[in-house]
Amino acid sequence: MASSSTNPLPDTALRPAGGPPFGSLPWAAIAQVAQRLLWGALSIGLFAGLWELCWALGWSDPKLLPPPHVFIGSIVDQAKFFNTVNRWQIGAGVGSGPSPAMAVVYTVLSSTGRVLTGLVIAFTLAITTGVAIRYFKLFERLTLPTITLLAPVSPIAWLPVAIFLFGIGNGPAVFMVVVALFFHMVLATITQIEGVNRNLINVARTMGATKRQIYARVVIPAILPGLFMVLRMNLFGAWMVVLIAEATGVGYGLGQVIMLARNTFNPSLVFFTIGLIGVLGFSFDFLLRQVQRKLLYWVPREVLSGL
Amino acid sequence: MASKPVRPFSSKDAVVCRSVGKTWAEGTPRAHEALRGIDLDVAPNEFIALLGPSGCGKSTLLYLIAGLEAVSGGGIWSFGDPVEAPSPERSLIFQETSLFPWLSVWQNVSFGLSLQGVPADERKEAARRALARVGLSEAMDKRPDELSGGMRQRVAVARALAMRPKVLLMDEPFAALDVQTRAKMQDFLLDVWRSSGASVLFVTHHIDEAVALADRVVVFTSRPGRVKTIVPIDLPRPRDLFSPEAEALRRHLTALLQDEVDRAFAEQEALAAE
């Protein structure tokens, strides 16, 4: 697998099937990662540097747009605003609850948990529904028009429904993620099924496969790469929806912290939280890419990274 | 279907086509006729090349014989039985790679057996034997994307052979390969054909390929595809493709095909002018 970066050998039937030799230590890969990190640091540094410059020249008001060194410098101070759970309880003071560091961890974990739960539920439900729609004509006729109708509805519009159905807590936030992803992913599943290479299906048919075998053994593996791509593209959407759900009071979490920062006019807290969300979204995408690589072992790595 | 009198045929024949017609999207405004009145008898272990201009429906005929598509008129029989559905007895090999990319080579080769619920060790043994016949024993555990184009097509042939087919249907299987690989693959195919005892129907638009491989070459007209003529290739095997006889056959086939290509072009231009 480590050989995927070597050039493909000329296309000839005479080539011995030994495969290209494996390198002893992946120095090339290490250098590549180091280079990517360097550019990443440079890009963020440039952005932060310009911001700092604006502050130094007095162009931006530090009360409204505190530069990075200010809001990062006050991390410890800001962290106590995280995990707002206890604050809504009668008799609990601002100082009560976990230590500031643990408060940040709790808040991050609760938001992450909602996104993750929502993603898993939406992915499973959507694939099942999409495959069922293509498999059973009657099911398609009964459900597809409704799904197509609901797909363009903005997830924000579902927010009241989420609160009616689930009240406050994890339920409505997870529901929002599922609703934001489900309809799109059902439609994507159907499109993917239509795009399955006909030859693969025909091969299975000539070998006497039943309809069920064709779906289980050919269609589902064939659509997984495309669906994973859709999942990754919707990941950021899921994060946005969770933040909105949290901000409008259906629970605690990063969205709630942003709301708190707004209400208490605390720009440092806003920017600190935005930074945190950015890092989280990025790491999530990275993790999902690793999962994708493991799960879709047959898709060439160049294709996956290009997606 | 039975109401029409059908020219008699032997139940020993590997494939029999009688007035086979195919119209795609029948009964809709987009309907177009791909094949008309195809009559063809293929003997057991005979090698037939189907030659014609592109779009003449020769691939369609393979799909019909495979049972993947239903005929619009006429009938097809294989060893006396009417063709109504796909069967492992008639394997189709496609132009592009049709290996399952998520399965290893041996799992690909034994895919048909796994559909029948054959246990893994038995399947692996069958795959080993089939791969040995195409000279790829050492590629058992590789994945398709680790193989070259020629090797992938050999795996596809091994997968077809593992089903012990009586008829091998090949839809321009070597079209995507470079010239040297193609020549190797032709030799390889002739070996497989001889040892398997199967009949081969081989779609190509290369005259050289048809002359090198086939016992008989079926030349198609342009759309809708009809059998223009059937040219027997009576060259002894192994064939000397530079002999005057081979050269004469190539000239003859080129002339036959040129008419049809010209006609197809004129039609397309007339359509574009409309």
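Residues numbered from 1 in each chain as written. Chains lettered and ligands numbered in written order. Predicted model: local features only at pLDDT ≥ 70, side-chain atom pairs only at ≥ 80, totals over all residues.

A.B. asks: What's the story with the overall build of chain B in this structure? I'm lost.
C.D. replies: Scanning chain B from N- to C-terminus turns up eight helices and 10 strands. What you see for chain B is a C-alpha radius of gyration of 19 Å, in line with the 19 Å of a compact globule of 274 residues. Dimensions of chain B along its principal axes, counting C-alpha atoms only, are 55 × 50 × 40 Å. A buried classification covers 46% of the 274 residues belonging to chain B. Residue pairs in contact within chain B that sit at least 24 positions apart in sequence constitute 70% of those at least 6 positions apart. (Helix = DSSP H or I, 4+ residues; strand = E, 2+ residues; numbered from the N terminus. Rg over C-alpha atoms; globule rule 2.2 N^0.38 Å. Buried ≥ 20, exposed ≤ 12 C-beta atoms within 10 Å, placed from the backbone. Contact = placed C-beta atoms within 7 Å.)

A.B. asks: Hey, could you run me through the overall build of chain A in this one?
C.D. replies: Along the backbone of chain A there are 12 helices and zero strands. In chain A, buried positions account for 29% of the 307 residues.

A.B. asks: Could you clarify how one ought to interpret the interface of chain B and chain A in this entry?
C.D. replies: Buried accessible area, meaning the area lost when the parts come together, often serves as the stated size of an interface. Facing the 35 residues of chain B at the interface are 20 residues of chain A. Among the elements of the structure, β6 (90-93), α3 (111-115), α5 (149-162) and α6 (179-196) of chain B are those that each provide at least two residues to the side of chain B that touches chain A. Here the residues of the side of chain B that touches chain A are counted per class, giving 16 nonpolar, nine polar and 10 charged. (Nonpolar A, V, L, I, M, F, W, Y, C, P; charged D, E, K, R; others polar.)

A.B. asks: Sorry, what's going on with the pairing of strand β4 (residues 73-78) of chain B here?
C.D. replies: A regular strand places its side chains so that they alternate between the two faces of the sheet. Residues and elements named next belong to chain B. Pairing of strand β1 (residues 15-24) with β4, which is carried by four bridges, proceeds in the antiparallel orientation. Paired with Gly21 across the strands is Gly73, a residue of β4. Relative to strand β5 (residues 81-82), β4 runs antiparallel, the two being bridged by two bridges. For Ser78, the partnering residue across the bridge sits in β5 and is Asp81. With antiparallel pairing between neighbouring strands as the criterion, β4 and β5 make up a hairpin whose turn holds two residues, including Phe79 at a positive phi of roughly 50°. (Pairing = 2+ DSSP bridges.)

A.B. asks: Before we go on, may I ask you to explain the domain arrangement of chain A in this structure?
C.D. replies: Domain boundaries assigned for chain A yield domain 1 (26-60) and domain 2 (66-306). Just the C-alpha atoms count here: the centres of domain 1 of chain A and domain 2 of chain A sit 28 Å apart. (Domains from an automatic or database assignment.)

A.B. asks: I keep staring at the confidence of the model for chain A and nothing clicks. Help me out?
C.D. replies: For residues with low pLDDT, the predicted coordinates do not support detailed interpretation. Residues and elements named next belong to chain A. Here chain A averages 81 in pLDDT, while 84% of its residues score no lower than 70. Per-element confidence in chain A ranges from a low mean pLDDT of 60 for helix α12 (residues 301-306) to a high of 93 for helix α5 (residues 137-150). Throughout residues 1-21 the model reports pLDDT below 50, and contacts reaching past four residues in sequence, or to other chains, amount to 34 contacts. (pLDDT = per-residue confidence, 0-100.)

A.B. asks: Explain the sheet that holds β1 of chain B to me, please; I cannot follow it from the model alone.
C.D. replies: For sheets, the rule is that strands pair by backbone hydrogen bonds, running either parallel or antiparallel. Residue and element names in this part refer to chain B. Read across the open sheet, the four strands follow the order β2-β1-β4-β5; overall the sheet is antiparallel. Across the chains shown, the open sheet's two edge strands, defined by having one partner strand only, are β2 (32-42) and β5. Relative to β2, β1 is paired through seven bridges, and the arrangement is antiparallel. When the sheet's bridge partners are listed, Cys17 is paired in β2 with Leu40.

A.B. asks: Before we go on, may I ask you to explain the domain arrangement of chain B in this structure?
C.D. replies: All names here are of chain B. With domains assigned, chain B is organised as domain 1 (11-79 + 167-268) and domain 2 (102-165). Listed per partner, the contact involves 13 residues of domain 1 and 10 residues of domain 2. Secondary structure elements with two or more residues in the side of domain 1 that touches domain 2: β7 (167-171) and α6. The element contributing the most residues to the side of domain 1 that touches domain 2 is α6, with six residues. Of the residues in the side of domain 1 that touches domain 2, the class split is 10 nonpolar, two polar and one charged.

A.B. asks: Just to check I follow, could you spell out the environment of Ala214 of chain B for this structure?
C.D. replies: Residues and elements named next belong to chain B. By the element assignment, Ala214 lies in the loop between α7 (207-213) and β9 (216-220). Given 23 C-beta atoms within a 10 Å radius, Ala214 is considered buried. Spatially, the C-alpha atom of Ala214 lies 9.6 Å from that of Leu235, the residues being 21 residues apart in sequence. Apart from residues lying up to four places away in sequence, Ala214 is in contact with Phe47, Ile48, Ala49, Phe202 and Ile233.

A.B. asks: What's the story with helix α8 (residues 198-206) of chain A in this structure? I'm lost.
C.D. replies: Residues that lie three or four places apart on an α-helix share one face, since the helix turns once every 3.6 residues. Those residues of α8 of chain A not exposed but buried are Leu200, Asn202, Val203, Ala204, Arg205 and Thr206 of chain A. Looking one or two residues beyond α8 of chain A, the residue adopting positive phi is Gly208 of chain A, at roughly 85°.

A.B. asks: How should I be thinking about the confidence of the model for chain B in this particular structure?
C.D. replies: The share of residues in chain B with pLDDT of 70 or more is 97%, and the mean pLDDT across the chain is 87. The ipTM for the predicted assembly is 0.84, set against a pTM of 0.77.

A.B. asks: How should unusual backbone geometry be read in this particular structure?
C.D. replies: Backbone geometry follows two general trends: most residues other than glycine have a negative phi, and most peptide bonds adopt the trans configuration. Residues and elements named next belong to chain B. Note the cis peptide between Arg223 and Pro224, where omega equals -5°. Its location among the elements puts Pro224 in the loop between β9 and β10 (227-232). Pro238 follows Arg237 through a cis peptide bond whose omega is -5°. With respect to the helices, strands and loops of the structure, Pro238 is situated in the loop between β10 and α8 (244-273).

A.B. asks: Would you take a moment to explain the sheet that holds β6 of chain B for this structure?
C.D. replies: All names here are of chain B. Ordered in space as β6-β7-β8-β3-β9-β10, the six strands form an open sheet in which the pairing is mixed. Pairing within the sheet leaves two strands with one partner each, and these edge strands are β6 and β10. Across the sheet, the mean angle from the axis of one strand to that of its neighbour is 15°, orientation sign disregarded. (Axes fitted to C-alpha atoms, helices over the stretch in contact; angles between N-to-C directions.)

A.B. asks: Would you take a moment to explain the packing of helix α10 (residues 254-263) of chain A against helix α11 (residues 267-295) of chain A for this structure?
C.D. replies: Helix-helix packing is described using two parameters, namely the angle between the two axes and the distance between the axes. Residues and elements named next belong to chain A. Across the interface, α10 lies against α11 with an axial gap of 9 Å and an inter-helix angle of 160°. The angle between the axes of α10 and α11 places the two elements in the roughly antiparallel class. Of the two elements, α10 crosses α11, and the hand of that crossing is left-handed. From α10, Leu254, Val257, Ile258 and Ala261 reach across to α11, where they touch Leu269, Val270, Thr273, Leu276 and Ile277. Of the residues assigned to the contact of α10 with α11, the class counts are eight nonpolar, one polar and no charged. (Parallel < 35°, antiparallel > 145°, perpendicular 65-115°, else oblique. Left-handed = near helix turned anticlockwise from the far one by under 90°.)

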